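This is what each chain is made of:
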Amino acid sequence: MVFIDACFGKETPYTPIWMMRQAGRYLPQYMVVRERAGDFLSLCRDYRAASEVTIQPVEILGVDAAILFSDILVVPMQMGMDLRFEAGEGPRFSDPIRSQSDLARLDPQKAAAELGYVYDTISLTRSRLAADKALIGFCGAPWTIATYMIEGGGSKNYAVCKRMLYENPQLLHEILRLVTEATKLYLAHQIGSGVDAVQIFDSWAGALEPSAYEEFGWRYILEITEFLKAKFPHIPLIVFAKGTGAQMSRLSSIAARRGEASFDVWGVDWSTPIELAREQLGGKFALQGNLEPMRLYDRGAIESGVREILVAMKGAAHIFNLGHGILPDVSVQNAKYLVDLVHELSAR
Ligand code: 1CP
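As the structure is a computational prediction, the values presented were derived from the model and not from experiment. (Residues numbered from 1 in each chain as written. Predicted model: local features only at pLDDT ≥ 70, side-chain atom pairs only at ≥ 80, totals over all residues. Heavy atoms only, no water.)

**Q** Describe in detail the packing of aromatic side chains, supporting the description with residues and values.
**A** The tally for this structure, following the rule as stated, stands at 11 aromatic pairs. Here the aromatic rings of Tyr119 and Tyr186 are separated by 6.2 Å at their centres, their planes lie at 50°, and the arrangement is tilted. Of this pair, Tyr119 sits in helix 7 (residues 116–128) while Tyr186 sits in helix 10 (residues 169–193), and the two are 67 residues apart along the sequence. Residues Tyr119 and Tyr186 agree in their burial class; the two are buried. Taken together, the aromatic side chains of Tyr213, Trp218, Phe263, Trp266 and Phe285 make up a single cluster linked through ring pairs. (Phe/Tyr/Trp six-rings, centres within 6.5 Å; stacked < 30°, edge-to-face > 60°. Helix = DSSP H or I, 4+ residues; strand = E, 2+ residues; numbered from the N terminus. Buried < 20%, exposed > 50% of the residue type's maximum accessible area, 1.4 Å probe, protein only.)

Pasting the structure below:
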């Protein structure tokens with residue numbers, strides 16, 4: 001698979017591409033399946049429907065990899081929390097974790113066992129997906145998951161989490177430890193069910209000051225990648241820690257001090273110059289990214305952005321992607337234009 005070869009830094013006939021959040025509302029075919037399923041969580045739990053929307057972007061856009069259709073928040077939900085997606089409001093936990101006594105409600109083993117609908121989606125999808133297309137499994141990084149568990153939903157300033165971080169760091173560490181345990185088991189099951197690669201999304205990494213991110217964010221990610229790399233060396237691991245562009249060399253040194261690289265691909269967000277990422281990380285990691293997602297509104301903007309990124313990454317291990325998730329109102333034609341353009345301009 002071209003995508004897997006690129007993750008491991010091997011030469012490929014062209015630069016592979018997929019898009020974060022590629023299965024979603026901008027696709028009319030997704031909306032049809034979503035309506036049929038009722039609500040978002042029912043869609044995640046219905047493995048046939050989830051598999052169908054996982055495959056849609058591969059068939060409609062021609063991307064080189066499918067990403068499992070699910071959500072990062074199914075992990076805390078199956079650990080024992082009450083999750084709702086209110087229309088237009090995003091995720092809500094009615095019972096956020098705020099004190100030591102709340103921890104008794106969280107069970108990592110139960111989570112990994114109750115996520116069977118995800119494992120079913122993976123095996124069905126792998127059996128249906130073309131042999132040359134990769135299936136990516138994923139999870140949220142412990143820090144990003146913890147922000148939702150503690151705040152009770154999305155947040156602008158993460159004040160409840162950060163107050164806990166400075167006032168009661170031990171409690172935050174205990175929450176992160178439980179999520180880390182659940183995530184290791186969950187990802188091992190995802191790999192056992194057939195995913196070809198795994199991405200860890202640390203979407204809110206940039207919310208922490210660098211020293212706090214090292215202690216409460218990065219080290220838990222490395223714990224997960226070290227665990228998986230030892231067990232499944234043939235499965236490429238991708239880490240996307242959004243908003244950490246100014247810390248790339250520090251974070252990679254921390255990883256290097258712990259031993260051999262435990263992950264393969266460094267996800268670069270749209271605010272980080274990819275040539276800077278190449279300078280600081282090139283040779284050690286394949287890079288993934290980093291077109292500004294809003295460029296998808298305009299074909300001229302797509303073309304100039306693609307050309308710039310391909311020139312900066314020429315001769316280096318690279319997977320093309322957006323620098324964060326695709327937005328719900330972009331045109332499918334423009335998304336397809338991007339995929340075709342990357343394939344065409346990178347052909348060797
Ligand atoms: O109403 C709906 O249709 C639900 C919208 C939706 C979708 C389509 C949510 C709710 N999640 C998803 C799917 C999803 N989430 C995928 C599927 C595979 C794909 O990429 O196509 C993935 C990988 C995610 C991951 C995810 N969920 C992240 C990390 C990636 C990122 O964008 O930073 C995060 C932060 C979430 C939480 C979440 N779930 C849903 C929403 C709207 C959010 C974000 C809320 C917020 O901004 O705080």
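Still more to cover.
**Q** How would you sum up the pairing of strand 5 (residues 197–202)? Please name residues and give values.
**A** Within a regular strand, the side chains alternate between the two sheet faces. Across the 6 residues of strand 5, 6 count as buried, placing the element largely inside the fold. Inspection of the sheet shows strand 4 (residues 134–140) paired to strand 5 by 5 bridges, in the parallel sense. Across the sheet, Gly137 pairs through a bridge with Val198, a residue of strand 5. The parallel pair strand 5 and strand 6 (residues 237–241), bridged by helix 11 (residues 210–231), forms a crossover whose chirality is right-handed. (Pairing = 2+ DSSP bridges. Right-handed = clockwise from strand over helix to strand, strands pointing away.)

**Q** Can you tell me about the sheet that holds strand 5, naming the residues and giving the values?
**A** With respect to topology, 7 strands assemble into an open sheet ordered 1-4-5-6-7-8-9, the strand pairing being parallel. The sheet terminates laterally at strand 1 (65–67) and strand 9 (318–322), the two strands that pair on one side only. Neighbour to neighbour, the strand axes of the sheet diverge by 25° on average, direction disregarded. Relative to strand 7 (residues 265–267), strand 6 is paired through 3 bridges, and the arrangement is parallel. The partner of Phe240 across the bridge, within strand 7, is Gly267. (Axes fitted to C-alpha atoms, helices over the stretch in contact; angles between N-to-C directions.)

In short, shape yes, function no, at least from these values alone.
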